[in-house]
Amino acid sequence: MAVSRTVSEARVNKNTNWLNAEGAWLWYLGLIALTWLALSSFMDAGLAWTYVHLFHGAVTFYLMHWTKGSPIAEDQGVWDSHTFWEQLDDEEQGTRNRKFFAVVPLVLFLLATHGSDFRQQPLLLNLVVVVVLLVAKTPAMHGVRLFGINKY
């Protein structure tokens, strides 16, 4: 029996498609937990959540909302003007991946603020980080470059 093959016209973004794989979210959460374990081994557990939150905020802002393009050569520049967040789920809003990546900074903020002594904890800095990350993830900010920063 002959098997006929057709060429798929579906656009698959390999740069973000790995998030649909089984265990991707677990790997991400495990990396956060390992960072907390490493930090809490030599400091207060609550303060460790603060540093995890701040580090997570800085890294994810840079990787998801600042860096544009795709390292995959097969994309042929299709995504060069889009950030990782804009590429996520083929630019569709309100998907499970987008909700997950919006909830994680919020949970880290809650862990950081409720897990440590308020005299040691930089509440304002934690608040700024979570607000910047959540505002950057709103559908209204899709494709927006404030003051022309990171436009090119």
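The chain has the name ORMDL family protein in an unreviewed UniProt entry, where Ostreobium quekettii is given as its organism. What UniProt states about the chain under its Subcellular location (unreviewed entry) heading is, verbatim, "Membrane".

Caption draft 1: Representation of the nonpolar core within the structure. Ranked by size, the top nonpolar core spans 16 residues in total, and within it Ile-32 and Phe-101 carry the most contacts. Those elements giving two or more residues to this core turn out to be α2 (24-40), α3 (45-66), α4 (84-87) and α5 (96-114). At five residues, the largest contribution of residues to this core is made by α5. Dropping the residues within four chain positions of it, Ile-32 is found in contact with Trp-49, Val-52, His-56, Val-104 and Leu-108.

Caption draft 2: The side chain of Asn-15, seen in detail. Summarising the element assignment, Asn-15 is placed in helix α1 (residues 14-17). Using a relative accessible area of 11% as the deciding quantity, one classes Asn-15 as buried. Looking at Asn-15, its side chain comes within polar contact range of the side chain of Gln-87, at 2.9 Å. Discounting residues that sit within four places of it in the chain, Asn-15 has contacts with Gly-69, Ser-70, Pro-71, Ile-72, Phe-84 and Gln-87.

Caption draft 3: Layout of the environment of Leu-39. Looking at the element boundaries, Leu-39 is found in helix α2. C-alpha of Leu-39 to C-alpha of Pro-71: the two residues are 32 residues apart in sequence and 31 Å apart in space. Excluding anything up to four places from it in sequence, Leu-39 contacts Ala-48, Tyr-51 and Val-52.

Caption draft 4: Fine view of the UniProt feature "transmembrane region" (unreviewed entry) in the chain. Per the UniProt record, the feature "transmembrane region" (unreviewed entry) sits at residues 25-52, 100-117 and 123-144. For residues 100-117, helix accounts for 83% and strand for 0%, while the C-alpha atoms at its two ends are 28 Å apart. Structurally, residues 123-144 comprises 64% helix and 0% strand, and the distance from its first C-alpha atom to its last is 28 Å.

Caption draft 5: Quick peek at the packing of aromatic side chains. Applying the stated criterion to the full structure yields six aromatic pairs. Where Tyr-28 meets Phe-101, the ring centres are 5.0 Å apart and the plane angle is 80 degrees; that geometry is what we call edge-to-face. Here the residue Tyr-28 occupies a position in helix α2, and Phe-101 occupies one in helix α5, the gap between them amounting to 73 residues. The exposure class of Phe-101 is buried, given its relative accessible area of 4%. Ring geometry for Trp-36 versus Trp-49: centroids 5.1 Å apart, planes at 15 degrees, classification stacked. Within this pair, whereas Trp-36 is found in helix α2, its partner Trp-49 is found in helix α3, the two being separated by 13 residues in sequence.

Caption draft 6: Here's a closer look at a nonpolar patch on the surface. Taken together, the side chains of Phe-55, Val-59, Tyr-62, Leu-63, Trp-66 and Ile-149 make up a nonpolar region of the molecular surface, amounting to roughly 590 Å² of accessible area. Considering the arrangement of structural elements, one finds Tyr-62 in helix α3. Overall, Tyr-62 belongs to the partly exposed group, its relative accessible area being 48%.

Caption draft 7: Region of interest: α2. Across its 17 residues, α2 extends 24 Å between first and last C-alpha, which sits within 8% of the 24 Å expected from 1.5 Å per residue. Those residues of α2 hidden inside the fold are in contact with α3 and α5.

Parameters and conventions
- Residues numbered from 1 in each chain as written.
- Predicted model: local features only at pLDDT ≥ 70, side-chain atom pairs only at ≥ 80, totals over all residues.
- Heavy atoms only, no water.
- UniProt positions renumbered as here; feature names shortened; annotations may be inferred.
- Core = buried A, V, L, I, M, F, W, Y, C linked by side-chain atoms within 4.5 Å.
- Buried < 20%, exposed > 50% of the residue type's maximum accessible area, 1.4 Å probe, protein only.
- Helix = DSSP H or I, 4+ residues; strand = E, 2+ residues; numbered from the N terminus.
- Contact = heavy atoms within 4.5 Å.
- Polar contact = N/O pair within 3.5 Å; in protein donor to acceptor, adjacent residues only side chain to side chain.
- Phe/Tyr/Trp six-rings, centres within 6.5 Å; stacked < 30°, edge-to-face > 60°.
- Patch = residues over 30% accessible without salt bridge, like charges linked within 9 Å, V, L, I, M, F, W, Y side chains within 5 Å.
- Areas by Shrake-Rupley, 256 points an atom, 1.4 Å probe, with all protein chains shown as cover.
- Salt bridge = Lys/Arg side-chain N within 4 Å of Asp/Glu carboxyl O.
- Expected span 1.5 Å × (residues − 1).

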